[in-house]
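# A structural walkthrough
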Amino acid sequence: MNSLQKSRQHVLEQIQHACQQAQRDPAEVQLLAVSKTHPSAVLQEMYQTGQRAFGENYLQEALEKIEALQDLEIEWHFIGHVQRNKTKHLAEKFAWVHGVDRLIIAERLSNQRSDQQAPLNICLQVNIDGQDSKDGCSPGEVPALVEQSSRLPNLRLRGLMVIPAPNNTAAFQDAKQLFDTVKAQHAQPADWDTLSMGMSGDLNAAIAAGSTMVRIGTALFGARDYSK
Ligand SMILES: *Cc1c(COP(=O)(O)O)cnc(C)c1O
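About the criteria used
Residues numbered from 1 in each chain as written. Predicted model: local features only at pLDDT ≥ 70, side-chain atom pairs only at ≥ 80, totals over all residues. Heavy atoms only, no water. UniProt positions renumbered as here; feature names shortened; annotations may be inferred. Helix = DSSP H or I, 4+ residues; strand = E, 2+ residues; numbered from the N terminus. Rg over C-alpha atoms; globule rule 2.2 N^0.38 Å. Buried < 20%, exposed > 50% of the residue type's maximum accessible area, 1.4 Å probe, protein only. Areas by Shrake-Rupley, 256 points an atom, 1.4 Å probe, with all protein chains shown as cover. Lys, Arg positive; Asp, Glu negative; His and termini not counted. Charge placed at Lys NZ, Arg CZ, Asp CG, Glu CD. Arc of directions from axis to C-beta. Contact = heavy atoms within 4.5 Å. Phe/Tyr/Trp six-rings, centres within 6.5 Å; stacked < 30°, edge-to-face > 60°. Lys NZ or Arg CZ within 6 Å of the ring centre and 35° of its normal.

Named according to an unreviewed UniProt entry, the protein is Pyridoxal phosphate homeostasis protein originating from Acinetobacter indicus CIP 110367. According to the UniProt record, the Sequence similarities (unreviewed entry) comment for the protein is "Belongs to the pyridoxal phosphate-binding protein YggS/PROSC family." A UniProt comment under Cofactor (unreviewed entry) is attached to the protein, and it reads "pyridoxal 5'-phosphate".

### A look at the overall build of the protein
Counting its regular elements, the protein contains 9 helices and 8 strands. Here the C-alpha atoms of the protein give a radius of gyration of 17 Å, agreeing with the 17 Å that 2.2 N^0.38 yields for 228 residues. Dimensions of the protein along its principal axes, counting C-alpha atoms only, are 50 × 40 × 35 Å. When each of the 228 residues of the protein is scored for burial, the buried share is 47%. Approximately 11,100 Å² of the protein is accessible, and the part contributed by carbon and sulfur atoms is 45%. The positive charge centre, built from 22 side chains, and the negative charge centre, built from 26, are 2 Å apart in the protein.

### Let's talk about helix α2 (residues 40-48)
Within the span of α2, buried status applies to Ser40, Leu43, Met46 and Tyr47. Considered in projection along α2, the buried side chains sweep an arc of 120° and stay on one side of the axis. Seen from the buried face of α2, the exposed residues on the opposite side, beyond 90 degrees, are Ala41 and Gln48. Buried residues along α2 sit in contact with α1 (3-21), β2 (53-56), α3 (59-68), β3 (75-78) and α9 (218-221). Downstream of α2 by one or two residues, Gly50 has phi in the positive range, about 110°.

### Quick look at the UniProt feature "modified residue: N6-(pyridoxal phosphate)lysine" (unreviewed entry) in the protein
Under the present numbering, the feature "modified residue: N6-(pyridoxal phosphate)lysine" (unreviewed entry) in UniProt falls on Lys36. Checked against the element boundaries, Lys36 lands in the loop between β1 (30-34) and α2. Exposure remark for Lys36: the relative accessible area of 12% places this residue in the buried category. If we skip the residues at most four places from it in the chain, Lys36 touches Gly55, Glu56, Asn57, Tyr58, Glu61, Lys65, Arg224 and Tyr226.

### Notes on the packing of aromatic side chains
What describes a pair of aromatic rings is the distance from one ring centre to the other and the angle between the planes of the rings. Within this structure, the stated rule accounts for 3 aromatic pairs. Relative to Trp76, the ring of Phe54 lies with its centre 6.2 Å away and its plane at 45°, an arrangement referred to as tilted. In this pair, Phe54 sits in strand β2 while Trp76 sits in strand β3, placing the two residues 22 residues apart along the sequence. You can call Phe54 buried: its relative accessible area is 0%. On the numbers, 5.6 Å between centres and 20° between planes, the contact of Phe179 with Trp192 is stacked. Taken as a pair, Phe179 in helix α7 (residues 169-185) and Trp192 in the loop between α7 and β7 (194-196) lie far apart in primary sequence, 13 residues in all. Judged by its relative accessible area of 6%, Phe179 falls in the buried class. Look at Trp192 and you get buried, because its relative accessible area is 0%. Across from the ring centre of Tyr47, 3.7 Å away, lies the NZ or CZ of Arg52, which sits over that ring.

This is the structure in structure tokens:
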């Protein structure tokens with residue numbers, strides 16, 4: 001096994017173990033490979049281990065990789081902050097956008113998604129633990145945002161995305177509770193199936209609380225080098 005195979009295997013085992021501990025079915029938790037800063041060749045190598053879903057944070061970097069790897073069947077997720085003037089590329093090139101936190105962003109994504117494409121999957125980013133510096137809407141804004149954005153024709157609203165402060169496992173439970181509250185009131189509860197939370201350092205706690213998609217970078221690819 002090469003080192004990417006090993007690290008992916010290790011992360012999958014960690015997910016499985018966390019699911020066992022939490023008495024959950026491992027099939028309920030998807031692994032998103034967060035590949036920011038890593039070159040296309042590394043993504044291709046990871047793809048060959050069986051990984052299909054990749055998450056990127058920086059639009060320009062992501063567009064270059066999407067172009068370079070267009071022959072592969074990668075499901076591209078945008079997990080960075082969504083700027084209003086960048087929605088067009090997101091709507092055209094990605095399968096998922098996790099960082100939607102305002103109605104205007106959802107509207108633009110829906111308008112700019114082509115009718116020929118499958119609806120764009122989105123998650124609402126919630127600032128679940130009230131951090132000053134973080135993006136995301138407040139928990140109180142979620143019900144109205146859900147109601148309004150689930151009416152947009154070219155989107156499929158799938159759930160919530162959170163990035164709590166490190167070691168704040170209670171925030172994962174708060175996110176799960178909010179997720180369940182919305183699901184109970186949702187017009188199409190089957191569509192509301194994604195709770196995107198947990199990174200390399202806290203995936204166990206996130207899965208214990210109910211995460212359905214962990215976003216893993218470092219544990220799969222090693223430490224990131226931002227100097228390049
Ligand atoms: C970079 C990033 C990750 C991955 O973090 P690791 O600690 O490297 O696993 C997950 N989610 C978001 C939003 C990120 O920006």
